[in-house]
Amino acid sequence: MALAALGFAAPLSAGEVAVEHSVFVEREVEAAGGRAARVLEPARELRRGDRLVYFVAWRAPEPRAESFTITNPLPRAVSYQRSADGFEEVSVDGGRSWGKLGDLRVAGRSATAEDVTHVRWQVPRQIALAGRGKLTWSGVVR
């Protein structure tokens, strides 16, 4: 599977905030003494079951005095797993409604990670004042 299927070819912008995406594959390699170690490699070729780590770096030309939102639609080839910080909201209906995964429903049942179509973060004013930051989330290639 090619990287283009992941849908992150160019930087995006959210108002004055520049947002850049990087995608890595988590691989297990043999380390010294025959032990296994996990490493991140740039995502070039992907296989079903590959574990992905997305880095979402944002940068404002000057520190922002107000909060803002960063939203990522998930590529169809990727199943959402989790965010590193736990402050994200997800959508299971194409971005029309948002909430914590455990609170959402799809067709009368509790939503699962497989149902997630978008993930977003509300960057609060205290963090926006820094002028830059990084968010991470993980997924698995379907």
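Our subject is the structure listed above.
Note that the structure is a prediction, hence the values are computed from the model and not measured.

*Asks:* Please explain the sheet that holds strand S5 (residues 68-73) as it appears in this structure.
*Replies:* The strands that make up a sheet are held in pairs by hydrogen bonds between backbone atoms, and each pair lies either parallel or antiparallel. Strands sit in the order S5-S10-S7 across an open sheet of three strands; the sheet is antiparallel. Here the strands that pair on one side only, and so sit at the sheet edges, are S5 and strand S7 (89-91). Pairwise comparison of adjacent strand axes, ignoring direction, gives a mean angle of 20° for this sheet. Note: S7 against strand S10 (residues 118-123), three bridges, orientation antiparallel. Counterpart to Glu89 in the pairing with S10 is Arg120.

*Asks:* Sorry, what's going on with the packing of aromatic side chains here?
*Replies:* Two numbers describe a pair of aromatic rings. These are the distance of the centres and the angle of the planes. Considering all chains together, one arrives at four aromatic pairs under this definition. Chaining the aromatic ring pairs together yields one cluster made of Tyr54, Tyr80 and Trp137.

Conventions and cut-offs
Residues numbered from 1 in each chain as written. Predicted model: local features only at pLDDT ≥ 70, side-chain atom pairs only at ≥ 80, totals over all residues. Heavy atoms only, no water. Pairing = 2+ DSSP bridges. Helix = DSSP H or I, 4+ residues; strand = E, 2+ residues; numbered from the N terminus. Axes fitted to C-alpha atoms, helices over the stretch in contact; angles between N-to-C directions. Phe/Tyr/Trp six-rings, centres within 6.5 Å; stacked < 30°, edge-to-face > 60°.

Remember, this is a structural readout, not a statement about activity or role.
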